[in-house]
Amino acid sequence: MAVEGVHVLLVTLPFQGHINPMLRFAKRLVSKGLHVTLATLEVFSQTLSNAKSYTNLNTQVDETPELHLEFFSDGLHLDLDRNKHLDLTLQSLPLLGSKNLSNLITNLAANGRTFSCIIYQIFVPWVADVAADHGIPCAMLCIQGSSLFSIYHRYHNDFEAFPPFDNPNNALQLPGLPLLEVKDLPTFILPSCPQHFKNVLSDSFRSLEKVNWVLVNSFYELEADVVKSMALLKPLLPIGPLVPSSLIGKEEVIMDRLDMWNSDDSCLEWLDKKPNSSVVYLAFGSLTVLAKKQIENIAMALKKSKRPFLWVIKSGERDSDKENGLPVGFMEETNGTGLVVSWCNQEKVLMHGALACFVSHCGWNSTLEAVAAGVPVIAFPEWTDQPTNAKLLVDVFKMGVRMRPQEDGVVTKEEVERCIFEVTEGLRATEIKERAAELKDAARKAVADGGSSDGNVDYFISQIIEQSS
Ligand code: UDP
């Protein structure tokens with residue numbers, strides 16, 4: 001079979017951090033000559049109907065005959081707040097969502113669109129069953145890093161080897177990874193994790209039996225030791241970083257990103273007026289909501305640091321008796337050195353020369369974007385993979401520092417100040433900057449023609465063709 005005859009189906013949940021890497025992978029496969037259908041939940045088209053980026057995506061899909069967008073229902077009413085009814089949503093997806101996806105595949109086949117491979121992201125493991133029912137080979141795409149995949153994989157296959165994590169003094173040594181203390185572990189394997197998340201994860205690792213390939217949103221050079229350590233257990237194919245094209249020196253394409261909220265581009269003009277390497281950028285992804293006390297402590301530290309800052313405070317974090325969620329009068333007291341927006345185009349912000357550092361919750365997308373942009377990070381992880389990503393950023397990638405919270409989880413203003421100083425002016429600041437620049441270069445090389453990730457994508461395509469022939 002020739003590449004042009006290969007049509008693959010990508011299935012994802014519609015969260016900001018899930019759909020964007022899948023969309024970028026779809027785009028890479030299209031650039032290699034494949035046809036791609038991206039399928040996600042019907043509720044997504046409703047949530048995003050007013051977002052500019054969604055209109056852009058639809059235009060792009062209309063203009064790209066090799067790319068298709070399809071929706072299926074999770075079986076729940078469109079008006080149901082799925083975040084509030086997460087349990088119900090997670091139950092409905094494998095039962096009704098899978099039936100609806102299966103019907104979609106049957107209907108598309110009846111209209112001449114048949115798939116040579118189904119690629120699903122790690123949090124929709126039931127897709128592997130749908131693929132098996134239709135006799136279609138399938139791949140899992142881990143949208144978190146190789147390190148995370150390795151920890152989860154070993155946890156699910158050799159649980160007995162893990163020390164009990166209710167003792168905070170226990171630590172874990174796994175091949176290819178630094179010693180992980182409890183504070184560095186993904187929260188999904190801790191006793192405190194809600195059962196519904198644990199179930200999704202164990203389903204994901206059970207589904208691996210039906211999977212032909214495991215792709216990872218990472219690049220070999222970033223996590224070489226851990227990729228090597230998995231070779232005999234479950235070989236990984238790093239095909240990333242799946243970040244916006246502009247961050248990896250490729251031509252910008254309209255459909256490169258989808259945003260849950262429209263971004264406020266005034267911050268880019270604001271950044272243009274700031275000196276090089278001066279601005280502290282703070283953003284905590286699409287889901288994290290900071291406690292009021294935490295916002296206050298960060299605000300006080302920024303005032304003391306006297307550095308310009310750009311801070312994304314989402315509308316859900318804003319308090320009605322405060323200005324932009326910040327203490328009243330704070331913006332005047334900082335003499336206009338700061339700007340607060342409710343959402344920005346993070347890739348453009350990270351690429352701006354005015355940036356000094358990025359205070360991040362360390363979601364995997366933000367982590368990869370910081371790596372690809374070569375921006376030093378101040379890590380402030382909260383849950384899921386973020387603590388492990390923070391550990392990697394500081395101790396493996398060596399391109400940042402980590403905030404140390406008090407026992408109640410809140411970071412003091414002195415600690416925020418310490419981290420800003422350490423990463424911008426402290427003894428290790430130059431070393432951290434140099435390391436960030438090295439990784440930026442490595443990320444670009446990995447996705448360039450002949451690079452490690454590019455080679456893995458080619459290998460994956462050749463495998464699909466071999467299986468279909
Ligand atoms: N992001 C953005 N604008 C903002 C804040 C975040 O575009 O103001 C994007 C960011 O570039 C990243 C995504 O939101 O791609 C967040 O994904 P991540 O995995 O870092 O965290 P999550 O939202 O899943 O917690």
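Located above this text is the structure these notes cover.
This report concerns the structure included in the present document. Residue numbers here run from 1 along each chain, matching the order of that chain's written sequence. With pLDDT at 70 or above as the cut-off, local features in this predicted model cover only qualifying residues; side-chain atom pairs require 80 or more to be listed or tallied, and sums for whole chains, interfaces and linings still use all residues. Neither water nor hydrogens contribute to the side-chain values; these are computed over all heavy atoms in the structure.

As for the overall build of the protein chain
Part 1 of the reasoning: Secondary structure elements are taken from DSSP: a helix is a run of H or I of four residues or more, a strand is a run of E of two residues or more, and numbering for both begins at the N terminus. Within the protein chain, the secondary structure is distributed over 17 helices and 15 strands.
Part 2 of the reasoning: Scaling as 2.2 N^0.38, a compact globule of 469 residues should have a C-alpha radius of gyration of about 23 Å, and the protein chain matches this with 22 Å.
Part 3 of the reasoning: Along the three orthogonal principal directions, the C-alpha set of the protein chain runs to about 65 × 50 × 45 Å.
Part 4 of the reasoning: Categorising residues by exposure relies on relative accessible area from a 1.4 Å probe, with only protein chains included: less than 20% of the type maximum marks a residue as buried, more than 50% marks it as exposed, and the intermediate range marks it as partly exposed. Residues classed as buried in the protein chain amount to 59% of the 469 residues present.
Part 5 of the reasoning: Carbon and sulfur atoms make up 51% of the accessible area of the protein chain, which amounts to about 19,400 Å² in all.
Part 6 of the reasoning: Of the charged side chains in the protein chain, 42 are positive and 57 negative; the average position of the first set lies 4 Å away from that of the second. With C-alpha atoms as the basis for the radius of gyration, the globule rule is written as 2.2 Å multiplied by the number of residues raised to the power 0.38. All accessible-area figures derive from a Shrake-Rupley calculation using a 1.4 Å probe, and residue coverage is judged against the displayed protein chains alone. For the purpose of counting charges, residues Lys and Arg are taken to be positive, whereas Asp and Glu are taken to be negative. His and the chain ends are not included. By convention, the point assigned to a charge is CZ for Arg, NZ for Lys, CD for Glu and CG for Asp.

Looking at the packing of helix α16 (residues 429–447) against helix α17 (residues 452–468)
Two numbers describe a pair of packed helices, the interaxial angle and the distance between the axes.
Part 1 of the reasoning: At a closest axis distance of 4 Å, the pairing of α16 and α17 adopts a crossing angle of 25°. Classed by the angle they form, the pair α16 and α17 counts as roughly parallel. Contact residues: K445, A446 and V447 in α16; S452, S453 and D454 in α17.
Part 2 of the reasoning: Among the residues forming the contact of α16 with α17, the class breakdown is 2 nonpolar, 2 polar and 2 charged. Structural elements are reduced to axes, namely lines fitted to C-alpha atoms, with helices fitted over the stretch in contact, and the angle between N-to-C directions of any two is expressed from 0 to 180 degrees. For classification, angles of less than 35 degrees are called roughly parallel, those exceeding 145 degrees roughly antiparallel, those between 65 and 115 degrees roughly perpendicular, and all remaining angles oblique. Should any heavy atoms of two residues lie within 4.5 Å, those residues are counted as being in contact. By the convention adopted, Pro, Cys, Tyr, Trp, Phe, Met, Ile, Leu, Val and Ala count as nonpolar, Lys, Arg, Asp and Glu as charged, and the other residues, Gly among them, as polar.

Observations regarding the site of the ligand
Part 1 of the reasoning: Nearness here has a simple test: a residue counts as near a molecule or strand if at least one of its heavy atoms is within 4 Å of that partner. The ligand sits among 16 residues. The nearest are S286, C344, N365, S366 and E369.
Part 2 of the reasoning: Here a polar contact is taken to be a pair of N or O atoms separated by no more than 3.5 Å, where protein atoms must pair a possible hydrogen donor with a possible acceptor and residues adjacent in sequence count only if both atoms sit in side chains. Here an oxygen atom of the ligand and a side-chain polar atom of S286 are 2.5 Å apart.
Part 3 of the reasoning: One of the side-chain nitrogen or oxygen atoms of N365 is found 2.9 Å away from an oxygen atom of the ligand.
Part 4 of the reasoning: When the ligand sits alone it has 540 Å² of accessible area, and the protein chains cover 94% of it.
Part 5 of the reasoning: The dominant element in the shell around the ligand, judged by the number of residues it contributes, is helix α13 (residues 364–373), at 4 residues.
Part 6 of the reasoning: A breakdown of the residues in the shell around the ligand according to their chemical character gives 5 nonpolar, 8 polar and 3 charged.

Thoughts on the sheet that holds strand β4 (residues 117–121)
Part 1 of the reasoning: As summarised here, the arrangement of the 7 strands in space is β3-β2-β1-β4-β5-β8-β9, forming an open sheet in which the pairing is parallel. Pairing within the sheet leaves two strands with one partner each, and these edge strands are β3 (67–72) and β9 (236–238). Sheet twist, expressed as the mean angle between neighbouring strand axes with direction ignored, is 25°.
Part 2 of the reasoning: Two strands pair if DSSP finds at least two bridges between them. Pairing geometry for strand β1 (residues 7–11) and β4, over 4 bridges, is parallel. Residue pairing across strands places V8 opposite C117, the latter belonging to β4.
Part 3 of the reasoning: Against the sheet, helix α4 (residues 86–110) engages β1, β2 (35–41), β3 and β4, with an angle of about 140° to β3.

Topic: helix α14 (residues 386–396)
Part 1 of the reasoning: Among the 11 residues in α14, 9 count as buried, and that is most of the element.
Part 2 of the reasoning: Among all positions in α14, only Q386, P387, T388, N389, A390, K391, L392, L393 and V394 are buried.
Part 3 of the reasoning: The inward-facing, buried residues of α14 contact α6 (146–157), β7 (180–181), α13, β14 (377–379) and β15 (400–402).
Part 4 of the reasoning: Just downstream of α14, K398 is the residue with a positive phi angle, here 55°.

None of this, on its own, says anything about what the molecule does.
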